[in-house]
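# Coordinates in review
What follows is each chain in one-letter form.
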Amino acid sequence: MTDDTLPQDLADEIRARVFDEGFIRLTQSLRREGTPFRISLRPVRLKGESFFQAEMTDGGQTQVRNLSEGAARKGLEQILAQKGKRDLHLVTAAGDLHVRITKKGRPLVARGKPKTTASGAAAPMPEQTHDRAKNQPLNAFDATALLRVLGLADDRGALKASMRGKYDQVNALLRAVEPLLPEAPPARYTVIDCGCGKAYLTLALHRYLTLAKGWPNVCVVGIDRNAGVVESARQMAADLGIEDEVTFQACAIAEAKLPDAPDLVMSLHACDTATDDALLAAITHRARSILCVPCCQHELHHALTGGGPMRAVLRHGILRERLADLLTDTFRAQVLRIRGYRARVMEFVSQEATGRNILIRAERGLRPGLGEALAEYQALCAFWGVEPYIGRALGLNAGQDGREEA
């Protein structure tokens, strides 16, 4: 039988540090009786007196209680006595302690350095108030270990100034995913990340769904042609203790071995027609939903030849480039519509964070049809004198059969 109790030495260390003057916060996330459960404990001052504030979220219901030290000690023992797969994170001025108990009962321990200022002096203690952090997806759970592994935070758990843009972008993408998620926790949820690169979103989405949402069985597959970044992503998953739940394939998207009917297919900044390959994979495998952030779109840049009265636009390089970008994403959204998806094209983050801030979000739900939607698509192709890669691959361009395979 697996022994998934917290090791005695770690439990004793946590007891001592929680009631030390340098204590900042303790958080534990797990599933209790099949329901997501999260509890945090932190010191607060109310009307000049010291208390411990316990915030408990059980199955989506949140309760907050202010406890005396005696009650807090009893509550701490209940936290330490929990069993099963869970994450426990202790934040103190003397350094952080993160403990992850895996499904097999193995404790994975990570420690942070003491908090100091730039001069090397001990960092001042934060005020013990009720102020809440900015409402960001990565604040909905204890993301310290994730941010460290991704390189967004330093050894003390502080966000690196140089990585603020990437941090904001990951939060924006998690917010963009939210409308595509089912309301009730599914028995299993499968995500495919095409062109995953350094796996920022791949790993962040898994942590968000399992720790913030409390979903019990989330399977994420990352695909990238670069064997080096895939190996790095595998190591990061191992460092987080989720290598069995987040896996990676080093290959082209078209060569990947994917499950049928994945719940979500993502593509974040896959270059040029790799974005189309991701959409093709989603359509072919009948993904329930799609989240796509296109990158550079070179395919149509030199192919544009028509335009009628708008042909003058093509004489100017920067205008031709921007037009090619807009047309490429227009064709993609229209193809999704043809193949039975409700597609929306929107901005997902400010231009200051990234110039490539267009997002295509789609859900399967329309009846696939070739009538008006296909006619619009082919008319637009004829007007600009192009045959888009994605349409050619699906047989939608003029002169092709265009019928959806069974």
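Per chain, residues are indexed from 1 in the order of the written sequence. A pLDDT threshold of at least 70 governs which residues receive local features in this predicted model, and a stricter bar of 80 or more applies before side-chain atom pairs are shown or counted, although totals over entire chains, interfaces and linings include all residues. Note: side-chain values were computed over all heavy atoms of the structure, leaving out hydrogens and water.

### Observations concerning the overall build of the chain
For clarity, the threshold we go by: For the purposes of this entry, the term helix denotes a DSSP run of H or I that reaches at least four residues, the term strand denotes a run of E that reaches at least two, and both are numbered from the N terminus. In this scheme, a residue with accessible area under 20% of its type's maximum is buried, one over 50% is exposed, and one in between is partly exposed, where area comes from a 1.4 Å probe on protein chains only. We get accessible surface area from the Shrake-Rupley algorithm with a probe of 1.4 Å; when it comes to residues, only the shown protein chains can shield them.
For the chain, the helix and strand inventory stands at 10 helices and 14 strands. Looking at the chain residue by residue over its 406 residues, the buried ones come to 49%. Accessible area of the chain: about 19900 Å², with a carbon and sulfur share of 50%.

### Considering the confidence of the model for the chain
Stated formally: Each residue carries a pLDDT score, the predictor's own confidence in it, on a scale running from 0 to 100. A contact between two residues is defined here by any heavy atoms of the two lying within 4.5 Å.
For the chain, the mean per-residue pLDDT works out to 85, and 88% of the residues sit at or above 70. Taking the mean pLDDT of every element in the chain, the minimum, 81, falls on strand S4 (residues 61-67) and the maximum, 97, on strand S10 (residues 246-250). A low-confidence stretch, residues 350-355 stays under pLDDT 50, and its non-local contacts, those more than four residues away or across chains, total seven contacts.

### Some words on helix H6 (residues 227-239)
The test is simple: Here a helix's expected span is defined as the number of its residues, less one, multiplied by 1.5 Å. Here the arc refers to the set of directions running from the helix axis out to each C-beta atom. For this analysis, a polar contact is any N or O atom pair within 3.5 Å, provided that within protein one partner can donate a hydrogen and the other can accept it, and provided that sequence-adjacent residues contribute only side-chain to side-chain pairs.
Counted at 1.5 Å a residue, the expected span for H6 with its 13 residues is 18 Å, and the 18 Å between its end C-alpha atoms agrees. For H6, every residue scored as buried is listed here: Val 230, Ala 233, Met 236 and Ala 237. One side of H6 holds all its buried residues, which, seen down the axis, span an arc of 120 degrees. A distance of 2.9 Å separates the backbone nitrogen of Gly 228 from a side-chain oxygen at the start of H6, and that oxygen is part of Asn 226. After H6 finishes, the residue Gly 241 shows a positive phi value of roughly 75 degrees.

### Things to note about the sheet that holds strand S1 (residues 23-32)
What counts is decided by this rule: What makes two strands pair is DSSP finding at least two bridges between them. In this analysis, axes come from line fits to C-alpha atoms, helices being fitted only over the stretch in contact, and the angle between any two N-to-C directions falls in the range 0 to 180 degrees.
One open sheet accounts for seven strands, arranged S4-S3-S2-S1-S5-S6-S7; its pairing is antiparallel. Only two strands of the sheet have a single neighbouring strand rather than two, namely S4 and strand S7 (107-111). Each strand axis lies, on average, 15 degrees off the axis of its neighbour in the sheet, ignoring direction. Bridge analysis of strand S2 (residues 35-46) against strand S3 (residues 49-58) gives 10 bridges, and the strand direction is antiparallel. When the sheet's bridge partners are listed, Arg 45 is paired in S3 with Ser 50.

### Examining the pairing of S2
For S2, the buried fraction is high: nine of the 12 residues fall into the buried class. Joining the antiparallel neighbours S1 and S2 is a turn of two residues, in which Glu 33 adopts a positive phi near 55 degrees.

### Focus on unusual backbone geometry
The phi angle at Ala 199 is positive, at roughly 70 degrees, despite the residue not being glycine. Positionally, Ala 199 belongs in the loop between strand S8 (189-194) and helix H5 (200-212). Using a relative accessible area of 0% as the deciding quantity, one classes Ala 199 as buried. Even without being glycine, Arg 286 reaches a positive phi, approximately 55 degrees. By secondary structure assignment, the location of Arg 286 is in the loop between helix H7 (273-284) and strand S12 (289-293).

### Regarding the packing of H7 against helix H8 (residues 317-338)
This is how the line gets drawn: Oblique is the label for any angle not covered by the other classes, which are roughly parallel (under 35 degrees), roughly antiparallel (over 145) and roughly perpendicular (65 to 115). All amino acids are sorted into three groups, where Ala, Val, Leu, Ile, Met, Phe, Trp, Tyr, Cys and Pro are nonpolar, Asp, Glu, Lys and Arg are charged, and the leftover types, Gly among them, are polar.
Between H7 and H8, the least distance of the axes is 11 Å, while the angle of their chain directions is 5 degrees. Comparing their axes, H8 and H7 come out roughly parallel. The segment H7 lies against H8, with Thr 275, Asp 276, Leu 279 and Ile 283 engaging Arg 332, Val 335 and Leu 336. Broken down by class, the residue content of the contact of H7 with H8 amounts to four nonpolar, one polar and two charged.

### Comments concerning the sheet that holds strand S11 (residues 264-268)
Spatially, the seven strands line up as an open sheet ordered S10-S9-S8-S11-S12-S14-S13, and their pairing is mixed. At either margin of the open sheet sits one strand with a lone partner, and together these are S10 and strand S13 (341-347). Strand-to-strand twist of the sheet, defined as the mean angle between neighbouring strand axes without regard to direction, takes the value 15 degrees. As paired strands, strand S9 (residues 218-224) and S10 are joined by five bridges and run parallel to one another.

### Some details on the packing of H8 against helix H9 (residues 372-384)
Cut-off, in case you're wondering: Each crossing is labelled by how the near helix is turned from the far one, with a counterclockwise turn of less than a right angle marking it left-handed and a clockwise turn marking it right-handed.
Here H8 crosses H9 at 155 degrees, and the two axes come no closer than 9 Å. As far as their axial angle goes, H9 and H8 are roughly antiparallel. Between H8 and H9 lies a crossing whose hand is left-handed. Side by side, H8 and H9 meet where Leu 323, Leu 327, Thr 330, Phe 331, Gln 334, Val 335, Arg 337 and Ile 338 of the first sit next to Glu 372, Ala 373, Leu 374, Glu 376, Tyr 377, Leu 380, Cys 381 and Trp 384 of the second. Per-class residue counts for the contact of H8 with H9 are 11 nonpolar, two polar and three charged.

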